[in-house]
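What the coordinates show
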Amino acid sequence: MALRILEGRSGVWCQGTSGTLLLPFSHAEDGLLTAEGRAAVARSGIAEKRPPRRYSLTVVTATDCNLGCPYCFQNTAPAEPGRFDPPRIPRAVLDDATIEKIAAFTGPRMRSAGTDRLFVLLFGGEPLLNPAACRALLSRLGRLAPVTASMVSNGVLLTPTAAKSLSALGLRSVQVTLDGPRDLHDGLRTTRAGRGTFERIIANLAAAQETTDLRFTLRINTTAAVLPRLADLADQLADRLDASRCVFDVAPVLNYAGLYDAGIDHTAAEVSAVLSGYAAALGRGFEVGWPGVGACGFCTERDGTTGAVINADGTLYSCWETIGKPGYEVGTLQNGYTEYPEHAWVSCGEFAARESTTGSASFADRLTVGLLELLRSHRRRAAALTAGVS
């Protein structure tokens, strides 16, 4: 992967597969590192490819979803007028036989990769529409190697019972999406019958924090309406949740296949609004993820070298964004990776760039630099306060 060079207020930010480095302005010229800059990057090791520490699996337990979000990349068409149930990718449900195939597929690849630990991402649709398979999968894979698991869930079905049972099997973190403060969220992120979900989600997260050690990434799907209210949302959430166990993550909504055209315009003013939201979240005690470009265990290496993405029916894909999409299949559990067209193997962000009519590299670069600067400033202030107390 090429080194990313981004100029900020404090200097030149260099992002590589193994880390981020801030260099003086004098270490770059016209967007390229000088000899001194290249030497500093070499000494830091941020551009070096490191061997994988664990084998990574994304496994879909159910492609169905109990919500009808209009912008979902798994929708295949808009919902009919007055309805909240857009058509989706083909239905598939993980069963015990496929779980056994996953174990048989994974063991030899772990040995080839020289890894002795597993990272498992439970995915959907909504993975908790099939909670028995979530438990059975983690239990079965735990017989291969120690498992650390995460889950992408809408949170509606994350009851205390579900949270405790999965935590006991290795679940350590859950990403849950919110669409702004309650009034905005309940207008978009509804059940397939049109009912709001904000209160149920927050109550479930609060209960899970009381009964487990789970950490949460709160993915804030951001439209033009949400942008000016990010600070309001941070306040609402901090009043109900333990912010120190949550990551506040702003994610501009993309317009996949022209299905949802109400996103943001990717202007400089909108970058500032996102950064203001992050600053408010930091002020309320939330964590904010350090933006990075590390190697993805699922897609950086082809054909299952360091990880795999597996649909509930046993079909292999390169990326969670392409699950269930015709023409993006790259193999099966039974036959392994087979011949597939070049376009079918996509790495992080490539499918979104190809299929979305919104989003821009310049917006992403400005936001990355702004967030790096914000986090640097926040950490320096925190260090100064700590030094003052001690």
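Thresholds applied
Residues numbered from 1 in each chain as written. Predicted model: local features only at pLDDT ≥ 70, side-chain atom pairs only at ≥ 80, totals over all residues. Heavy atoms only, no water. Axes fitted to C-alpha atoms, helices over the stretch in contact; angles between N-to-C directions. Helix = DSSP H or I, 4+ residues; strand = E, 2+ residues; numbered from the N terminus. Parallel < 35°, antiparallel > 145°, perpendicular 65-115°, else oblique. Left-handed = near helix turned anticlockwise from the far one by under 90°. Contact = heavy atoms within 4.5 Å. Pairing = 2+ DSSP bridges. Buried < 20%, exposed > 50% of the residue type's maximum accessible area, 1.4 Å probe, protein only. Arc of directions from axis to C-beta. Nonpolar A, V, L, I, M, F, W, Y, C, P; charged D, E, K, R; others polar. Salt bridge = Lys/Arg side-chain N within 4 Å of Asp/Glu carboxyl O.

Some remarks on the packing of helix H7 (residues 230–240) against helix H8 (residues 268–283)
Where H7 contacts H8, the two axes come as close as 8 Å, and the packing angle between them is 20°. The angle between H7 and H8 places the two elements in the roughly parallel class. In this structure, H7 meets H8 at a crossing whose hand is right-handed. Across the interface between the two elements, Leu230, Ala231 and Ala234 of H7 pack against Ala273, Val274, Gly277, Ala280 and Ala281 of H8.

Some thoughts on the sheet that holds strand S1 (residues 4–7)
On the basis of which strands lie adjacent, the open sheet formed by three strands has the order S1-S2-S3 and antiparallel pairing. Strands at the two margins of the open sheet, each flanked by one partner only, are S1 and strand S3 (19–23). For this sheet, the mean angle separating the axes of adjacent strands, direction not counted, is 20°. As defined by bridge partners, S1 adjoins strand S2 (residues 12–16) across four bridges and the pair is classed as antiparallel. Within S2, the position partnered with Ile5 by the bridge is Cys14. In this fold helix H1 (residues 35–44) packs onto S2 and S3, with an angle of close to 145° to the strand it touches most, S3.

Regarding helix H3 (residues 131–141)
Considered for burial, the residues of H3 that qualify are Ala133, Cys134, Leu137, Leu138, Arg140 and Leu141. For H3, the buried positions fall inside an angular range of 165° around the axis, keeping them on one side. Looking at the packing, one finds that the buried side of H3 touches strand S6 (55–62), helix H2 (96–113), strand S7 (118–124), strand S8 (147–153) and helix H4 (160–167).

Some remarks on the packing of helix H6 (residues 198–211) against H7
Running from amino to carboxyl end, H6 crosses H7 at an angle of 45°, the nearest separation of the two axes being 10 Å. Considering the angle they form, H6 stands oblique to H7. Touching Phe198, Glu199, Ile202, Ala203 and Ala206 of H6 are Leu233, Gln236, Leu237 and Arg240, all from H7. Across the contact of H6 with H7, the residue classes tally to six nonpolar, one polar and two charged.

Some points on the sheet that holds strand S11 (residues 246–252)
Here ten strands make up an open sheet; going across it, the order is S11-S10-S9-S8-S7-S6-S12-S13-S14-S15 and the pairing mixed. Looking at strand neighbours, the two that pair on one side only are S11 and strand S15 (336–337), the edges of this open sheet. When strand S10 (residues 215–222) meets S11, the two strands line up parallel, connected through seven bridges. Bridge pairing in S11 places Leu218 opposite Phe248. On the sheet, H6 packs against strand S9 (171–178), S10 and S11 and is oriented at approximately 160° with respect to S9.

A look at the pattern of salt bridges
Any two side chains of opposite charge can pair, given that their charged atoms come close. Per the stated rule, a full pass over the model turns up 14 salt bridges. Between Arg140 and Glu100 there is a salt bridge, with its nearest N and O atoms 3.1 Å apart. Taken together, the residues span a long stretch of sequence, with Arg140 in helix H3 and Glu100 in helix H2 at a distance of 40 residues. Judged by relative accessible area, Arg140 falls into the buried class, the value being 16%. On the basis of relative accessible area, Glu100 is assigned to the partly exposed category, the value being 41%. For Arg302, the salt bridge identified is with Glu342, shortest N-O distance 2.7 Å. In this pair, Arg302 is assigned in the loop between H8 and strand S12 (307–310) and Glu342 in the loop between S15 and helix H9 (350–355), connecting sequence segments 40 residues apart.

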